[in-house]
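# Close look at the chain arrangement
Now for the letters of each chain:
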Amino acid sequence: MSAITTSSFAKALWPGVNQWYGDEYKQYPVEWDKLFEKNTSRKAFEEDVGGSYFGLANIKSEGQSYEYDSARQGFTSRYQHVVYGLGFIITRETVEDDQYDVVGKMKAQSLAFSMRQTKEIIAANVYNRAFNSSYVGGDSATLVASAGGGGSSTAPNVSGGTYTNGVATASDLSEAALEQACIDIASFTNDRGLKIAVRPRRLVIPKELMFEATRILKTEGQVYSADNTLNAIKTMGMIPEVVVNHYLTDTDAWFILTDVKNGLKYFERRGDEFGMDEDFDTENAKYKASARYSFGWTDRRAIYGSPGA
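So, here is what we can say about the structure in this document. (Residues numbered from 1 in each chain as written. Predicted model: local features only at pLDDT ≥ 70, side-chain atom pairs only at ≥ 80, totals over all residues. Heavy atoms only, no water.)

### Description of the environment of Val136
Of note, Val136 is situated in the loop between α2 (103-128) and β5 (155-156). Taking the C-alpha atoms as reference points, Val136 and Ser152, 16 residues apart in sequence, are found 8.7 Å from one another. (Helix = DSSP H or I, 4+ residues; strand = E, 2+ residues; numbered from the N terminus.)

### Concerning the side chain of Asn165
You can see Asn165 is positioned in the loop between β6 (162-163) and α3 (175-186). Using a relative accessible area of 0% as the deciding quantity, one classes Asn165 as buried. A polar atom in the side chain of Asn165 sits 3.0 Å from the backbone oxygen of Arg300. (Buried < 20%, exposed > 50% of the residue type's maximum accessible area, 1.4 Å probe, protein only. Polar contact = N/O pair within 3.5 Å; in protein donor to acceptor, adjacent residues only side chain to side chain.)

### Brief notes about the environment of Glu46
Tracing the chain through its elements places Glu46 in strand β2 (residues 45-51). Along the sequence, Glu46 and Gln80 sit 34 residues apart, while their C-alpha atoms lie 6.7 Å from each other. Ignoring sequence-local partners within four residues, the contact set of Glu46 consists of Ser41, Ser77, Arg78, Tyr79, His81 and Phe267. Only 2.6 Å separates the side chain of Glu46 from the side chain of Ser41, close enough to count as a polar contact. (Contact = heavy atoms within 4.5 Å.)

### Some thoughts on the sheet that holds strand β11 (residues 285-297)
Strands sit in the order β1-β10-β11-β4 across an open sheet of four strands; the sheet is mixed. Each of the sheet's edge strands pairs with one partner strand only, and the pair in question is β1 (37-40) and β4 (82-90). Ignoring strand direction, the axes of neighbouring strands in this sheet form an average angle of 25 degrees. For β4 and β11, the ladder comprises nine bridges, and the chain directions are antiparallel. Bridging from a neighbouring strand, Val82 pairs with Tyr293 of β11. (Pairing = 2+ DSSP bridges. Axes fitted to C-alpha atoms, helices over the stretch in contact; angles between N-to-C directions.)

Given below as structure tokens:
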């Protein structure tokens, strides 16, 4: 732990500096809140517990008893809140001799910048690890479970059997791939295999795909076709929104968020807090920032994805 001393900002002790730069870069608007449902928490961790459903009704023959189904508790998704923090120390002499009153101000701005970036990266990593078998949910499957994903090929149902929420064959973003994604999403079922009404809500892409996504979703006619054919995805309004996330690391992976509730969640145990104190013996000024939160997922039917071809 080293303090910021007069030698760290020697130029700040003398007149003649025209401009200080490096801590005034713009940041992108908050992006993580487009990827997760926001919740607050008053506990050390939060748990979401799934459950099984009833199956289809059976034919009851005359004089025979009804058949009775059963239900039970399902998989548990735990959101373990983690404290993230950072700080810096400035000697009293640096504060006293700073001719521009910039050292403390610039470093405080830089601290806020770091806290913002940290949260964005932690959030995006849930997506970046969607196909990584080292990162699994309460049912021991990856966020996106699909034969073409590279992670878990399927996810287990509580009542038995499996399901998928991704492409059968890894594919790049294209009109055909999005159409198939919409068909797959419309085929989602619950834990007992009964049809559920699910619709695409938002396409999530890295910056590298923003031009291709615009060509696919904004044109009136079918993409890359000389025929006078409608762009069915646009005409039907199948994917209402596109979100570009600058913290996704895979340049050709793409995701579709659906309208299923209790999907990808953010729990805020403690929001960003900034504090300052002075050390009695050294008279150094200490600044720190911290927050406590967690990101994760509960029901993966809230997302569909492909790692790209």
